[in-house]
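Structural description and commentary
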Amino acid sequence: MNNSSIIDASKEDGTSPESSGVKLAMPLFFIKYHIHINLLRDRSETRRVKERARRLLGKIVGKVFLAYLALCIFLPFIFFGLYLIKSWLGIDIFSDYHLSDFIPFLE
């Protein structure tokens, strides 16, 4: 393969910028193989729609995960605060059991 077999497609006459890429011609015995490598982004409408939908789905999944993570972090504190308010008000739901019976460091 020599340097003349590689042709820059953007320098060819009559080509549009969308077909910018590298063309490669490889002669092999009695057959000549042509390879074209495109160097530009795909700007078709279906690709844009798919990318927009993928980004939207990513944002939704990210927000749901963040909400779940915040719930896992703050829910124990909320329940503990409600327990302290219940204890402060003197409400006794289970008369024989207390939270300090189950969690020893609360004594």
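To start, this report covers the structure provided alongside it. (Residues numbered from 1 in each chain as written. Predicted model: local features only at pLDDT ≥ 70, side-chain atom pairs only at ≥ 80, totals over all residues. Heavy atoms only, no water.)

Brief notes about the overall build of the protein chain
- The secondary structure content of the protein chain amounts to two helices and three strands.
- Moving toward the C terminus, one meets the helices and strands of the protein chain in the order β-β-β-α-α.
- Taking all 107 residues of the protein chain together, the buried fraction comes to 7%.
- Within the protein chain, contacts between residues separated by at least 24 positions form 6% of all contacts whose residues are at least 6 apart in sequence.
- Element-wise, carbon and sulfur atoms account for 67% of the exposed surface of the protein chain, whose accessible area totals about 10,100 Å². (Helix = DSSP H or I, 4+ residues; strand = E, 2+ residues; numbered from the N terminus. Buried < 20%, exposed > 50% of the residue type's maximum accessible area, 1.4 Å probe, protein only. Contact = heavy atoms within 4.5 Å. Areas by Shrake-Rupley, 256 points an atom, 1.4 Å probe, with all protein chains shown as cover.)

What about helix H1 (residues 45-89)?
- Here H1 contains 45 residues, and its C-alpha end-to-end distance of 63 Å stays within 8% of the 66 Å for a straight helix at 1.5 Å per residue.
- Immediately beyond the C-terminal end of H1, within one or two residues, lies Gly 90, with a positive phi of roughly 85°. (Expected span 1.5 Å × (residues − 1).)

Section: the pattern of salt bridges
- Applying the stated criterion across every chain yields a total of two salt bridges.
- A salt bridge links Glu 51 to Arg 47, with the nearest nitrogen and oxygen atoms 3.8 Å apart. Taken together, the residues span about one helical turn, with Glu 51 and Arg 47 both in helix H1 at a distance of four residues.
- Its relative accessible area of 22% is what places Glu 51 among the partly exposed residues. (Salt bridge = Lys/Arg side-chain N within 4 Å of Asp/Glu carboxyl O.)

Shape descriptors only; they carry no functional weight alone.
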